[in-house]
Amino acid sequence: MPRTRTGSVTTRKIKNSDGTTREVVIARLCFTDADGKYHDYQKRAENKTEARRILDKMRRSIETHGQLQIDAERMTFEQLAQWYEKNYAVPAKFDTNGQKVHGLKSHKDVIQRLHALREYFGKKRIRSITFTDLENFKRKRLQIKTFRGQDRKIATVNRELAVLRRIFRLAFNNRWLLDDPFDRGDKALISTAVEIRREKLINRDEERQLLAACVDTRAHMRPLIIAALDTGCREGELLRLKWADIDFETRTIRVLAQNSKTLRARQVPISTRLIAELEQLHQEAADKQNGLVFGRTSHVKWAWDKVRQAAGLPDLRFHDLRHVAATRLAQGGLHPFQVAAILGHTDPKTTYRYFNLDQVTLQTARSVLDTLHGKPIGLGTERKDE
């Protein structure tokens with residue numbers, strides 16, 4: 001427990017700009033916190049009565065909110081970022097049911113985004129940061145090239161601003177901020193509508209090329225690629241699968257909450273061709289219960305690069321296979337909510353991104369329009385002149 005003092009009210013002589021001196025009243029409160037750190041807070045007052053009120057307010061503030069409440073007036077963004085990284089940007093922890101109780105699954109990404117925010121806002125006092133400062137950060141950040149010399153994407157800056165918004169919301173809830181600068185227009189500042197969405201799909205012929213390239217040292221990629229195409233699971237979700245997560249009788253895969261990006265468990269159906277691949281892998285598995293289905297937890301970037309190069313698809317990303325799966329489910333007639341449940345989306349807007357206007361969809365639309373053009377106007381009846 002911190003050891004606080006009652007404080008003191010003193011007077012101090014200070015020099016004026018013209019060389020003369022005058023006395024000012026100082027309210028001073030000193031204490032040692034629970035970590036053994038000594039704090040000395042001093043504030044000027046108009047008179048001794050006001051100084052005593054200030055002392056009383058500081059003591060109550062410490063008892064209720066800790067010393068950071070008093071520090072808020074001079075707290076810099078760097079200090080706030082350190083607090084956030086220590087208390088929130090930490091590895092996720094799960095209970096016995098696999099539900100997240102604390103931390104962030106993507107804490108490494110958040111820490112990386114914090115770096116850019118610290119560089120820009122680090123020395124600024126948090127109460128001095130305005131909405132205009134946020135706009136200036138976004139504009140200047142977009143002008144800075146990436147370390148590879150490429151233009152920085154608006155999506156990248158949006159993610160950084162989202163972290164900043166989260167930090168400021170926490171500071172506002174703790175009463176360290178009197179006003180949240182994002183309240184002035186965060187929707188206009190973080191606009192996902194202007195982000196360029198990647199729309200890379202492969203057709204059946206390209207899929208056959210991809211699977212045909214899975215030979216020799218690349219043969220282990222075949223079941224993993226089929227799983228991505230037929231389940232829509234993310235790479236990390238597939239690589240963390242254990243045999244205990246596979247139900248061969250019901251032909252379903254159980255994606256655990258701690259293995260999912262959204263930290264929510266879900267079930268995914270297994271197709272006929274995928275069940276054949278899994279059965280073969282299961283026969284060869286040494287640990288048929290807790291062993292990894294695909295034999296590895298790390299990224300398969302090297303092998304994937306070799307496969308896509310051999311297939312003549314050098315610009316294809318592994319995540320694009322999830323995109324293909326979602327589009328095929330949509331083309332098959334599944335409702336967007338059903339597709340969202342299989343993919344593990346929490347926001348319907350994310351699912352709608354996967355409903356693409358590919359050539360199959362366009363041809364279907366043309367057929368519908370051609371059919372309608374050949375029919376009378378109206379609901380199945382001829383239009384009659386009135």
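This text follows the structure it describes.
Remember, predicted model here, so these are calculated numbers, not experimental data.

Quick notes on the rules
Residues numbered from 1 in each chain as written. Predicted model: local features only at pLDDT ≥ 70, side-chain atom pairs only at ≥ 80, totals over all residues. Heavy atoms only, no water. Helix = DSSP H or I, 4+ residues; strand = E, 2+ residues; numbered from the N terminus. Buried < 20%, exposed > 50% of the residue type's maximum accessible area, 1.4 Å probe, protein only. Contact = heavy atoms within 4.5 Å. Pairing = 2+ DSSP bridges. Salt bridge = Lys/Arg side-chain N within 4 Å of Asp/Glu carboxyl O. Phe/Tyr/Trp six-rings, centres within 6.5 Å; stacked < 30°, edge-to-face > 60°. Axes fitted to C-alpha atoms, helices over the stretch in contact; angles between N-to-C directions. Parallel < 35°, antiparallel > 145°, perpendicular 65-115°, else oblique. Nonpolar A, V, L, I, M, F, W, Y, C, P; charged D, E, K, R; others polar. Polar contact = N/O pair within 3.5 Å; in protein donor to acceptor, adjacent residues only side chain to side chain. Core = buried A, V, L, I, M, F, W, Y, C linked by side-chain atoms within 4.5 Å. Arc of directions from axis to C-beta.

Help me get a handle on the overall build of the chain, residues and values and all.
When helices and strands are counted, the chain shows 16 helices and 9 strands. In the chain, which comprises 386 residues, the share counted as buried stands at 38%. Summarising the internal contacts of the chain: among those between residues at least 6 apart in sequence, 59% fall at separations of at least 24.

Requested: an account of the sheet that holds strand E9 (residues 266–269), with residues and values cited.
Read across the sheet, 3 strands follow the order E7-E8-E9 without closing on themselves; strand pairing throughout is antiparallel. On the outer flanks of this sheet lie strand E7 (246–247) and E9, each paired with one strand and no other.

Give a description of the side chain of Arg141 that names residues and reports values.
Mapped onto the elements, Arg141 comes out in helix H5 (residues 131–143). Of the residues examined, Arg141 reaches a relative accessible area of 14% and is grouped as buried. Excluding anything up to four places from it in sequence, Arg141 contacts Ala116, Arg152, Val157 and Glu160.

Pulling in residues and values, what's your account of the pattern of salt bridges?
The full count for this structure, using the stated rule, is 19 salt bridges. Of the charged contacts in the structure, one is a salt bridge between Arg118 and Glu78, with a shortest N-O distance of 3.4 Å. Of the two residues, Arg118 is situated in helix H4 (residues 107–121) and Glu78 in helix H3 (residues 77–87); the sequence distance between them amounts to 40 residues. Judged by its relative accessible area of 22%, Arg118 is partly exposed. Here the residues in one salt-bridge network are Arg204, Glu207, Asp230, Arg273 and Arg328, joined through shared partners.

Run through the packing of aromatic side chains, naming residues and quoting values.
What the rule picks out here adds up to 11 aromatic pairs. Each member of the aromatic cluster is reached from another via a ring pair, and the members are Phe77, Tyr120, Phe121, Phe137, Phe168 and Phe182.

So what about unusual backbone geometry? Which residues, and what values?
We note that Asp216 has phi near 55 degrees; this positive angle belongs to a residue other than glycine. When you line up the elements, Asp216 lands in the loop between helix H8 (204–212) and helix H9 (221–231). Residue classification places Asp216 among the exposed positions, given a relative accessible area of 71%.

So what's going on with the packing of H3 against helix H6 (residues 154–173)? Which residues, and what values?
In the contact formed by H3 and H6, the axes pass within 11 Å of each other and the chain directions differ by 90 degrees. The angle between H3 and H6 falls in the class roughly perpendicular. Contacts between H3 and H6 involve Phe77, Leu80, Trp83 and Tyr84 from the first element and Leu164, Arg166, Ile167, Phe168, Leu170 and Ala171 from the second. Residue classes in the contact of H3 with H6 are distributed as 9 nonpolar, no polar and 1 charged.

Quick rundown of the environment of Asp18? Include the residues and the values.
If you trace the backbone, Asp18 turns up in the loop between strand E2 (8–15) and strand E3 (21–32). For Asp18, the side chain forms a polar contact with the side chain of Thr20, separated by 2.6 Å.

Can you tell me about the environment of Leu263, naming the residues and giving the values?
Within the secondary structure layout, Leu263 lies in the loop between strand E8 (252–255) and E9. Considered as a pair, Leu263 and Lys105 are 158 residues apart in the sequence and their alpha carbons are 7.8 Å apart. With residues up to four places along the chain from it excluded, the contact list for Leu263 reads Phe94, Lys100, Lys105, Ala257 and Gln258.

Hey, could you go over the nonpolar core for me, with residue numbers and the actual values?
Core analysis: the biggest nonpolar cluster contains 39 residues, and Leu210, Met221, Ile225 and Leu321 have the highest contact counts within it. Looking at this core, the elements with two or more residues in it are H8, H9, helix H10 (235–239), E8, helix H11 (272–284), helix H12 (301–310) and helix H13 (319–331). Judged by nonpolar contacts, the second largest core, of 30 residues, contains Val110, Leu134, Phe168 and Ile190.

An account of H8 is needed here, citing residue identities and associated values.
Of the positions making up H8, those classed as buried are Glu206, Glu207, Leu210 and Leu211. The arc that holds the buried residues of H8, viewed along the axis, is 140 degrees, so those residues lie on one side. With respect to the buried face of H8, the exposed residues turned more than 90 degrees away are Arg208 and Ala212. At its buried positions, H8 is contacted by H9, H11, H12 and H13. Capping the start of H8 is the job of one residue whose side-chain oxygen sits 3.1 Å from the backbone nitrogen of Asp205: Asn203.

Could you give an account of the side chain of Glu206, naming the residues involved and the relevant values?
Within the fold, Glu206 resides in helix H8. Excluding residues that lie within four positions of it along the chain, Glu206 makes contacts with Leu201 and Leu313.

Could you give me a rundown of the pairing of E8, with the residues and numbers involved?
Inspection of the sheet shows E7 paired to E8 by 2 bridges, in the antiparallel sense. Directly across from Ile246, in E8, lies its bridge partner Ile253. Here E7 hands over to E8 after 4 residues, with Arg251 in that stretch at a positive phi of 55 degrees. Relative to E9, E8 runs antiparallel, the two sharing 4 bridges. In the sheet register, Val255 faces E9, and the bridge partner there is Arg266.

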